[in-house]
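Residue strings, one per chain:
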Amino acid sequence: MDFKLEVTDAKSKARAGVITTDHGQIETPIFMPVGTAGTVKTVHQRELNEDVKAQIILGNTYHLYLRPGLDVIEAAGGLHKFNGFEKPMLTDSGGYQVYSLKHRRKITEEGVKFQSHIDGSRHNFTPEAVMDIQRTIGADIIMAFDECTPYPCDRKYARESMEMTHRWLKRCCDRFDQTESKYGYSQTLFPIVQGSTYHDLREKSAETIASFGREGNAIGGLSVGEPAEMMYESTDLVCSILPADKPRYLMGVGTPENILECIALGVDMFDCVMPTRNARHGLIYTSEGIINIKNKKWEKDFSPLDSNLGGYVDTAYSKAYVRHLVHSSEALGAQIASIHNLAFYLWLVGEARAHIKAGDFSTWKNLILPKISSRL
């Protein structure tokens, strides 16, 4: 993997760059649609390419390991061949599931023992096993195995968890460097900064993972319930330490406002389930503001979802029709809303990139934030 930093904004820390992988280029800043189980929910791969204009999507190690299983993915020739998405992919290591499935797992120095949420079967994830699993899944970018601490989290737990994450990272790097890619293209490993909301721990963690000299770095353990200002403070601190010549990935973030604010702090890559999850519940993000499509006020509004975006679903379907579909629990409603929201997120980071390159990002951000954050 290669990263070329093209421009840094004069009035903020916002950056525009290009990541090059064997499956294609990624223009940053970028939003990555989440395809946890090998699919971005309700969205075809053709729609990801042509309507959403996704440049990279995510899969999840824990979920893909359980179902369909590594034997199926390997027999297919890797996840790209299995799901038909030919552009770059990233896999989360399962560290977030260590956090979210706390009643089903036990953490030790060796790794994490957990019960499947599907059938209760018992499994063991070690840093070494997670590297092997992600090699087999075949993502272009794979994540180190870490523990995502909850919020709030007492300082002692945060420090001990962070230090274990660093020890796990050493084991991840050793295993990764001892093994080869399986499908004829290169893979890269991103470490993850932890430390909860404690600034000195975040600083230490950022310095530690930067010292490993990998090709990109991630910031984890944020957007887990802490106030937005705390997230911004931690992100700003970590971005000031992580090397400028490598991409920075803020995991699990977030709202359109979160994304623009964190682009201004120097983040290059984002992912979040929010655009698709909220779409399935009728929350539509537009260039003019946020719509709850279930509200009666849209019942006879025959204007397009968002003509400013210009895509097929944005212009072909009216608010009234999408309201009818969502109100009737028709699957097409969730599909249209999901494609639209993802297209909006990709449009937003694309606009941010254009304004960074034009030199007026900060002015543009201050103008558009109140608009896209308002409820219509």
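(A) Inspection of the overall build of the protein chain at higher detail. Within the protein chain, the regular secondary structure consists of 15 helices and 17 strands. The C-alpha atoms of the protein chain give 20 Å as radius of gyration, which agrees with the globular expectation for 376 residues (21 Å, within 12%). Across its three principal directions, the C-alpha atoms of the protein chain cover 60 × 50 × 40 Å. When each of the 376 residues of the protein chain is scored for burial, the buried share is 56%. Of the roughly 15,200 Å² that the protein chain leaves accessible, carbon and sulfur atoms contribute 49%. Of the charged side chains in the protein chain, 43 are positive and 47 negative; the average position of the first set lies 4 Å away from that of the second.

(B) The arrangement of the packing of aromatic side chains in detail. With the rule as written, the count across this model stands at 14 aromatic pairs. A centroid spacing of 5.8 Å and a plane angle of 25° characterise the contact between tyrosine 317 and tyrosine 321, whose relative ring orientation is stacked. In this structure tyrosine 321 comes out as partly exposed when scored by relative accessible area, which is 33%. Among the aromatic residues, those joined into a ring-pair cluster are Tyr62, Tyr65, Phe114, Phe125, Phe145 and Trp168. Positioned over the ring face of phenylalanine 176 is arginine 135, at 3.9 Å from the centre of the ring.

(C) A look at the pairing of strand E9 (residues 122-125). Only one face of E9 is buried: it carries His123 and Phe125, and the other face, with Arg122 and Asn124, is open. The pairing of strand E8 (residues 112-115) with E9 spans four bridges and is antiparallel. Each residue of the ladder has a partner; that of phenylalanine 114, found in E9, is histidine 123.

(D) How the structure looks around the side chain of aspartate 314. As for its placement among the helices and strands, aspartate 314 is situated in helix H12 (residues 312-316). No salt bridge is formed by the buried aspartate 314. Its closest oppositely charged neighbour is lysine 53, at 7.9 Å. Polar side-chain contacts of aspartate 314 include one of 3.0 Å to the backbone nitrogen of glycine 311. Beyond its immediate stretch of four places on either side in the chain, aspartate 314 contacts Pro304, Leu305, Asp306, Ser307, Leu309, His340 and Ala343.

Rules used throughout
- Residues numbered from 1 in each chain as written.
- Predicted model: local features only at pLDDT ≥ 70, side-chain atom pairs only at ≥ 80, totals over all residues.
- Heavy atoms only, no water.
- Helix = DSSP H or I, 4+ residues; strand = E, 2+ residues; numbered from the N terminus.
- Rg over C-alpha atoms; globule rule 2.2 N^0.38 Å.
- Buried < 20%, exposed > 50% of the residue type's maximum accessible area, 1.4 Å probe, protein only.
- Areas by Shrake-Rupley, 256 points an atom, 1.4 Å probe, with all protein chains shown as cover.
- Lys, Arg positive; Asp, Glu negative; His and termini not counted.
- Charge placed at Lys NZ, Arg CZ, Asp CG, Glu CD.
- Phe/Tyr/Trp six-rings, centres within 6.5 Å; stacked < 30°, edge-to-face > 60°.
- Lys NZ or Arg CZ within 6 Å of the ring centre and 35° of its normal.
- Pairing = 2+ DSSP bridges.
- Salt bridge = Lys/Arg side-chain N within 4 Å of Asp/Glu carboxyl O.
- Polar contact = N/O pair within 3.5 Å; in protein donor to acceptor, adjacent residues only side chain to side chain.
- Contact = heavy atoms within 4.5 Å.

Function-wise, these values are silent; they only describe arrangement.
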